[in-house]
Amino acid sequence: MHDRPKTSETFVSRRLFGTSILAIALAAIFSATFTLTEITSALRPLILAKAQTTSDLLAIDIETRLTTAAKKTTFAEFEPVAAQMAADLPEIRSLHILSRPEDIAAYKPAPETTAAPAIGLPQEIRLAISQAWALYHGDTAGLDPIGAKVQEKGQVVAIVVAEVETAFLWDEIESIFFDTLVVLLAVTLIALELLVVPRTQRIVEPLLIAEDAIRRRATGDFSQYRQAGRKGIVARFMASANALNAQLRDRVKAALDTASDASKPARDRLSEFARAHRLFNVDSPKTLSVNDARIPLFVFCFAEELQKSFMPLFVAEYYRERDWFDIDMMIGLPISAFMFVIAVLTPFAGKLVDRYGNKRLFLMGLVPAIAGYVLCFLVRSGNDIVIARSLTAVGYAVITISCQSYIAAVVPRENRARGMAIFVGVLMAATMCGTAVGGILATWIGFKPVFLVAAIMTAIAGLFGLALLSGKLPPEKPAIATKGAAQNSFRALFANARFVMIVLFCAIPAKIILTGFLYLFVPVYLANLDVSQSEIGRIMMVYSLVIIPISPIASRASDRLGNSLTIVIIATVASGLILTGLYDNPPAAGVLLAVAGLGLAHAFIKAPLIVSAMEAAEAIPGVTRTSVLSILRTSERVGSVIGPTLVGAMLVIFDYGETAAYLGIGIALIGTVFAVVLLTRSPAK
Amino acid sequence: MGWQIFRGLYLRVFLSMMILVAVVLGMLFFLNTIKLKALMTEATASRLHLAIDMIEAGLRKDPRLRITPHSVGNFDALAEAAMERFPEIEGFFLFGTRGPRVLAEVGHPPGRMHIRPVFMRVMSPKFARSAQDLHGTLFSGRRILDPSGKVAGAVVLHLPVNSFGPEFRDARSRLLRRYVLIFCALVVLLIPITYFQFRRLGRTYRALSPGNITASSGKRGIGRGQDTDILAEIAAGNAAYGEAAAELTDILPPDARAKDA
């Protein structure tokens, strides 16, 4: 009986998640199939129209030459022109001229496509299924060759025939398919974050309240239990239980009131009875939840990540010669400025939360964030972008800090690690979805409108924050570390050689690679390879896609091996060596492999790095875990600031392949030096 | 009770599923509509680039070609010929390499506020051909190279987006009809799935009948389809309550007991 609440919660959560995933999967399969068929049928006439226009243009050109040329012109003279035109147009496989009378006589024009008539529901269903079936079987019906007649003195003397490249349509379908997959993945994650988690909470919560009350009632606790809503079975059940408990309480109260002259022992017995059965205890009406901050945080971070896959390209498009630096430096500057502002603001976070409270701080953070996005929409130069992104960084720092501290405040101290895991999980999910969706949106609607989308989503996050975040958090427990203690921790940690080496040789290099390589190098290099914005987003998304499932496995492996530092060093060296693979300027597939490899290496750095830092700090008396984490995170941000600037500066001197390779060699060397130093230092030291 | 359980549990779960499916399909429809429009814009722009080909071919034939305000001689004639061939095109304009200044324009003049973003996009080395939808006008252009392969300028055409609007609206409404179909199919499919998935919870809800909470441990028949574990716990609570009530009666002072009675 003891574990019943947990069992019910697990039961409902599993069923609800299972059913939700099934519903989303079915919606996804149907949607992807019908979208592909619809887009294919919408594109077909446009491709055919282009083929028709191409053959018409060539036919007109030939007719003009036939009528104006001084000497006799042969159709063979036009074959190279036709071949060149076909080579320039990806939609056209071939363009040839039929001039022999028997060929002209045998030529049958493609049937004209007519607008689809209005149809009823059964025909609509049949049509949808048949189109999906045709798509599945690679049917290219309706892409017949298109011809244009060449006339001389009213007689048809030749026909220009354009054959449509069916592979072009399939390439388009393949690209749409991958976009659809990414959108589905993102939409699923968004739906889970925004709907399933809170809905589960709403369905499970009344049940948990009732089960808790039933369990307490069986042990003789007759408090006024927390109400489970105002309507419904559970609410009425709770009202009945509370009414009965109130009867007992009122009897005791009346007895205590009327028995003022009674003997003291009788009053004591009544008081003891009331205390034993908790008759005058009233449960607090609503408990605060991690989900209060989870939804606004997710929406905001999703909005923020939309720009990640194209920021350097956005700067390149708006770069002007009078901007502060050379273009190669400028493209990384907004990322560095963003990270720098966060690094500067983070140490003041605690004070800001204390002064304004989490909810107000969250709402205040929206102002610079939205202002930054609107400014990005209006920018006219690279400098403007740097200023706009710095403004957004102020909002980002304030909002994430307020949400993190909200989560820390609402979860019990013993569950704080779980709370922080939820915080990190939300950030990772938002990063993954935002990066990919941002890339797709940039392809479809352009760079600038994406910032308007981000501004609107940030405003929505604000509405969520306004509705969900509580302004009254439980009172803060007395701070364990005072300001002086914090400064002492800082000094003590940086006097510890092992901790310093972990920060310098592992934490900072990992962030340099993350911001310099992934956020700057990858989009710029891929754009240079003519990779579409959607694909850039998809490739960058792979980093999070690898890290999310591998991180827990890596943590367990690290725990089992019992030597986190070795794992961190090997992963740091590996992350550097992966980049050296880009020396030969590989195609997009090579970058995809490098990003996936980097995700794998960083999955083995993430948790083991924290463990190593904690282990290093264990030897220092009076340093708390919180201060180790806080100082580690702040130090890491140095790497985040250096990364884009360093890679930008390297791109001024080296080509893409060399930049990646030299950065990789540098990181691998740093890791190796750390390993050598560790091996040569005696354990006593 | 049955209706209350349906409303309190099944309807709630079912509605949350429906909201989830509706939101997922809504987001997918929204994104796919944008995608559809982008693809149709691109396909239309791609066809109309044949007009720019015509102009470029004409400009290249001029051996004195250097795109400056004084040397755009045959651009007007070429653009007019192209507009005759492609009547949906509203106008053409020509950029040089020195900033967003229009060197020559034919047809309907473009909105002044669009000149700069169009110039930025068409001159960006990232795009071989550009296509932008700015406030209902599609701008599509390409850089023109001089005989030595250097960028000499750019030709941009523009047309109202609603020139291919009917096709887009048709495709969008067909897509919408199919999404509504998907939604209806999922509703039909999810009703039995939800019922079977949450049957056990239905028994728990049945056990939470307010009538099961009493002030004594009197024997009660176990109702059909009720969760026996929960019922046992409720019975234990009833028993504890009965004992407490009896204990209270015992410890009440006599005058209070009389009043209580």
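Quick notes on the rules
Residues numbered from 1 in each chain as written. Chains lettered and ligands numbered in written order. Predicted model: local features only at pLDDT ≥ 70, side-chain atom pairs only at ≥ 80, totals over all residues. Helix = DSSP H or I, 4+ residues; strand = E, 2+ residues; numbered from the N terminus. Buried ≥ 20, exposed ≤ 12 C-beta atoms within 10 Å, placed from the backbone. Contact = placed C-beta atoms within 7 Å. Axes fitted to C-alpha atoms, helices over the stretch in contact; angles between N-to-C directions. Parallel < 35°, antiparallel > 145°, perpendicular 65-115°, else oblique. Left-handed = near helix turned anticlockwise from the far one by under 90°. Pairing = 2+ DSSP bridges. Domains from an automatic or database assignment. Nonpolar A, V, L, I, M, F, W, Y, C, P; charged D, E, K, R; others polar. pLDDT = per-residue confidence, 0-100.

(A) Main features of the overall build of chain A. From N to C terminus, chain A includes 23 helices and 3 strands. Within the span of chain A, comprising 685 residues, buried residues form 47% of the whole. Counting contacts in chain A only where the partners sit at least 6 residues apart, residues at least 24 apart contribute 81% of the total.

(B) Representation of the overall build of chain B. Secondary structure assignment for chain B yields 7 helices and 5 strands. Residue burial in chain B is summarised as follows: out of 261 residues, 38% are buried. Taking the contacts inside chain B whose residues are at least 6 apart along the sequence as the reference set, 56% of them involve residues at least 24 apart.

(C) Structural detail: the packing of helix α20 (residues 564-580) of chain A against helix α21 (residues 588-618) of chain A. Residues and elements named next belong to chain A. Contact pair α20 / α21: the axes reach a minimum separation of 8 Å and the direction vectors enclose 155°. When the axis of α20 is compared with that of α21, the two are roughly antiparallel. The crossing of α20 and α21 is left-handed. Taking contact as the criterion, the partners of Ser564, Leu565, Ile567, Val568, Ala571, Thr572, Ala574, Ser575, Ile578 and Leu579 in α20 are, on α21, Ala594, Gly597, Leu598, Ala601, His602, Phe604, Ile605, Pro608, Leu609, Val611, Ser612 and Glu615.

(D) Highlighting the sheet that holds strand β3 (residues 155-164) of chain A. All names here are of chain A. With antiparallel pairing, 3 strands are arranged side by side in an open sheet as β1-β3-β2. At either end of the open sheet lies a strand with only one pairing partner, and these are β1 (92-98) and β2 (146-152). Each strand axis lies, on average, 20° off the axis of its neighbour in the sheet, ignoring direction. Where β1 lies against β3, 6 bridges are found, and the strand directions are antiparallel. If you follow isoleucine 97 over to β3, its bridge partner there is valine 160.

(E) The domain arrangement of chain A, seen in detail. Residue and element names in this part refer to chain A. With domains assigned, chain A is organised as domain 1 (11-110 + 121-173), domain 2 (220-287), domain 3 (288-477) and domain 4 (482-685). Put simply, the middle of domain 3 and the middle of domain 4, counted by C-alpha atoms, are 22 Å apart. The partner domain 4 presents 29 residues to the 28 residues of domain 3 that form the contact. For the side of domain 3 that touches domain 4, the element with the highest residue contribution is helix α15 (residues 416-445), accounting for 10 residues. Taken together, the residues of the side of domain 3 that touches domain 4 break down into 16 nonpolar, 9 polar and 3 charged.

(F) Layout of unusual backbone geometry. Positioned with a positive phi, A:Arg278 is a non-glycine residue whose angle comes to about 50°. Mapped onto the fold, A:Arg278 is located in the loop between α7 (264-276) and α8 (290-305).

(G) The arrangement of the environment of A:Met614 in detail. Residue and element names in this part refer to chain A. Structurally, methionine 614 can be placed in helix α21. Judged by local crowding, methionine 614 falls into the partly exposed class, with 16 C-beta atoms found within 10 Å. Taking the C-alpha atoms as reference, methionine 614 lies 90 Å from glycine 154; in sequence the two are 460 residues apart.

(H) Molecular detail of the confidence of the model for chain B. Mean pLDDT over chain B works out to 76, with 82% of the residues at or above the 70 mark. What the predictor reports for the complex is a pTM of 0.70 with an ipTM of 0.71.

(I) Up close: the confidence of the model for chain A. Residue and element names in this part refer to chain A. The share of residues in chain A with pLDDT of 70 or more is 85%, and the mean pLDDT across the chain is 79. Per-element mean pLDDT across chain A ranges from 64 in helix α4 (residues 121-136) up to 92 in helix α13 (residues 358-378). In this model residues 1-5 is a low-confidence stretch, pLDDT under 50, and it forms 6 contacts with partners more than four residues away in sequence or in other chains.

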